[in-house]
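Each chain is listed here by its residues.
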Amino acid sequence: LDGALVTLPNPSSHLLKATPTVCGALVEPEMGASDGRLLRAVAHSIGTIIEHLPMVRPIHLFHGPRFLPCGPSNYSGGGDGRDDGGAAAAHASLCRLVSSEAVVPHALTRDDFAEADRNRFLKSRVFWARLAGSDKVLMFGGGSVACGGEGRGQGPE
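Residues numbered from 1 in each chain as written. Predicted model: local features only at pLDDT ≥ 70, side-chain atom pairs only at ≥ 80, totals over all residues. Heavy atoms only, no water.

Trainee: Help me understand the overall build of the chain, please; the structure alone is not making it clear to me.
Mentor: Scanning the chain from N- to C-terminus turns up 4 helices and 5 strands. Secondary structure elements of the chain, listed N to C terminal, follow the sequence β-β-α-β-α-β-α-α-β. Residues counted as buried form 40% of the 157 residues belonging to the chain. Sequence-distant contacts in the chain: of pairs separated by 6 or more residues, those separated by 24 or more amount to 82%. For the chain, the exposed surface amounts to about 8,700 Å²; the carbon and sulfur share of it is 54%. (Helix = DSSP H or I, 4+ residues; strand = E, 2+ residues; numbered from the N terminus. Buried < 20%, exposed > 50% of the residue type's maximum accessible area, 1.4 Å probe, protein only. Contact = heavy atoms within 4.5 Å. Areas by Shrake-Rupley, 256 points an atom, 1.4 Å probe, with all protein chains shown as cover.)

As structure tokens, then:
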């Protein structure tokens, strides 16, 4: 499902709206309290969606139970003043997006999803209930990027 635009169960709901609504969904249960590399990848992916696809709002971030989107940062480089590779800045960026409600965080109860667990979660009522109110969902992963260009980001097709 990575990068797939999924139509929600009620396809006629867009007839009541001038413009169909599109939200984003990113499921990263492995995103824990101190995985700076994954945090940077997720923040970059979300940033490109925010920049190039303005109609995709909000973006639902399903993350591991130990990740605090706006909590204390564990990405300071170990306290020795060394650069943490940008993880602290990525954490701060995600926190600003959560505060502005462009990103909606959802803590998962586990961080050890196998492929079968992920598939079961994506088919669950719990997952789809969090996305209720949108006509379409853009599914993407932590390594996904949205590219700019003429005619892109103008609205759902």
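Trainee: Sorry if this is basic, but what is going on with the state of the cysteines here?
Mentor: Cysteine pairs can be linked by a disulfide, which is a covalent bond between their two sulfur atoms. The tally for this structure, following the rule as stated, stands at 1 disulfide. Across the disulfide from Cys70 sits Cys95; the S-S distance is 2.4 Å. Because the sign of the S-S torsion sets the handedness, a value of about 120° for the bond joining Cys70 and Cys95 places this disulfide among the right-handed ones. Taken together, the residues span a long stretch of sequence, with Cys70 in the loop between strand S3 (56-63) and helix H2 (87-99) and Cys95 in helix H2 at a distance of 25 residues. Overall, Cys70 belongs to the partly exposed group, its relative accessible area being 39%. (Disulfide = S-S within 2.5 Å.)

Trainee: Explain the confidence of the model for the chain here, please?
Mentor: Low pLDDT means the predicted coordinates in that region are not meant to be read closely. Residues of the chain with pLDDT of at least 70 account for 74%, and the chain-wide mean is 81. Here residues 77-83 is modelled with pLDDT under 50, and outside its nearest four sequence neighbours on either side it reaches 3 contacts, counting other chains as well. Low pLDDT, under 50, characterises residues 152-157; the predicted model gives this stretch 13 contacts beyond four residues in sequence or across chains. (pLDDT = per-residue confidence, 0-100.)

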